[in-house]
Amino acid sequence: MKRSLKERITALGLSYQKEMLFLILIIVLTLGLAFTSYFFLKQIYAPIFVLVGGILLIYFYLSRYSSLEKRNERNHVDELISLLSYFEIFISNGNNVYTSFKMLLPYAGIYVQDAINSMLMQIDVDKTIGPYINFATKFNNRIIESLMLSIYQMVDNGENSIELSEFNILFNNIKEKHFDEMIDSHKKGLDFFNSFPLIGAGAITIVLSLSIVSIIGDYINVI
């Protein structure tokens, strides 16, 4: 079910009232600057620039919620993969899956801690794969789904050394691949910031071109 804007803002830990107040402030300032620029400059280009700038600002301001949600999802996956390194140690030391997850709670953040607690409570009444799948869906990542399926197989097959070895191999491969993806993501982010000077130069060129056109138009009107 698709969440409303208010639910999304609240889930991100932001104040809905403050977010809406700031959005209204952007709209009022944009309209005020557009009217003022036209009143004093008597040029249609100035208010158009202001309005376009205001629309872009509103768009980027609202789209940041999606960015924050994706960042939180990545952080939760990163945290869980880091925690599963401890889980791997706990399992290797002879603890069962249930106890090993319980031992992760002091090291987990609020979101992951709530997800683990919910899964453990479900396991108390449901010994099928259901609790493990429900846990994986909270992270919206196929990597976590694969890991939880492997962990359930350990439980289903008696947590023997063969199943533990298979989990260790799968987890180490996934962890290595995940870290490689993190590095690639950071590289792409740096490449994006490197393009900012080109964007700025293009914007300055457009502004100068329109200014020249406006000056020539005024000169022609005077003649």
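Look a little higher up for the structure.
Described below are features of the structure shown in this document. (Residues numbered from 1 in each chain as written. Predicted model: local features only at pLDDT ≥ 70, side-chain atom pairs only at ≥ 80, totals over all residues. Heavy atoms only, no water.)

Looking at the packing of aromatic side chains
We describe a pair of aromatic rings using the distance from one ring centre to the other and the angle between the two ring planes. Following the criterion strictly, the structure yields 9 aromatic pairs and no others. On the basis of an interplanar angle of 5° and a centroid distance of 5.4 Å, the ring pair of Tyr 86 and Tyr 107 is categorised as stacked. Here Tyr 86, found in helix α3 (residues 45-92), pairs with Tyr 107, found in the loop between α4 (97-104) and α5 (110-125); they are 21 residues apart in sequence, far enough to count as distant. Taking the centre distance of 6.1 Å and the plane angle of 65° together, the rings of Phe 101 and Phe 135 count as edge-to-face. Here the residue Phe 101 occupies a position in helix α4, and Phe 135 occupies one in helix α6 (residues 130-137), the gap between them amounting to 34 residues. By relative accessible area, Phe 135 is classed as buried at 2%. (Phe/Tyr/Trp six-rings, centres within 6.5 Å; stacked < 30°, edge-to-face > 60°. Helix = DSSP H or I, 4+ residues; strand = E, 2+ residues; numbered from the N terminus. Buried < 20%, exposed > 50% of the residue type's maximum accessible area, 1.4 Å probe, protein only.)

Quick look at the nonpolar core
Counting 34 residues, the largest nonpolar core has Phe 87, Phe 101, Ile 144, Met 148 and Ile 151 as the members making the most contacts within it. For this core, the secondary-structure elements that each account for two or more residues are α3, α4, α5, α6, α7 (142-156) and α8 (161-194). Counting residues per element, this core draws most heavily on α3, at 8 residues. With 8 residues, the next largest nonpolar core counts Met 20, Leu 23, Tyr 65 and Leu 68 among its residues. (Core = buried A, V, L, I, M, F, W, Y, C linked by side-chain atoms within 4.5 Å.)

Section: a nonpolar patch on the surface
Side chains of Tyr 38, Ile 44, Tyr 45, Ile 48, Phe 49, Val 52, Leu 56, Tyr 59 and Phe 60 sit close together on the surface and give an oily, nonpolar patch of about 890 Å² of accessible area. Examining the composition of the nonpolar patch, we find that 7 residues originate from one element, α3, more than from any other. Its place among the elements puts Tyr 38 in helix α2 (residues 16-41). (Patch = residues over 30% accessible without salt bridge, like charges linked within 9 Å, V, L, I, M, F, W, Y side chains within 5 Å. Areas by Shrake-Rupley, 256 points an atom, 1.4 Å probe, with all protein chains shown as cover. Salt bridge = Lys/Arg side-chain N within 4 Å of Asp/Glu carboxyl O.)

Topic: the pattern of salt bridges
Within this structure, the stated rule accounts for 3 salt bridges. Put simply, Glu 145 and Arg 142 hold a salt bridge, and the shortest N to O gap is 3.5 Å. Residue Glu 145 and its partner Arg 142 are both found in helix α7; the two are separated by 3 residues, about one turn of the helix. Glu 145 sits in the partly exposed class, given a relative accessible area of 30%.

Quick look at the side chain of Ser 150
By the secondary structure assignment, Ser 150 is in helix α7. Apart from residues lying up to four places away in sequence, Ser 150 is in contact with Phe 167 and Leu 170. (Contact = heavy atoms within 4.5 Å.)

A word on α7
Count 3.6 residues to each turn of an α-helix, and residues three or four apart come out pointing the same way. Between its first and last C-alpha, α7 extends 21 Å over 15 residues, near the 21 Å set by a 1.5 Å rise per residue. Inspection of α7 places Ile 143, Ile 144, Leu 147, Met 148, Ser 150, Ile 151, Tyr 152 and Met 154 among the buried residues, and these make up the whole buried set. (Expected span 1.5 Å × (residues − 1).)

Brief notes about the side chain of His 76
Mapped onto the secondary structure, His 76 falls in helix α3. Judged by relative accessible area, which is 19%, His 76 ranks as buried. When residues no more than four places from it in sequence are discounted, the contact partners of His 76 are Tyr 111, Val 112 and Phe 139.

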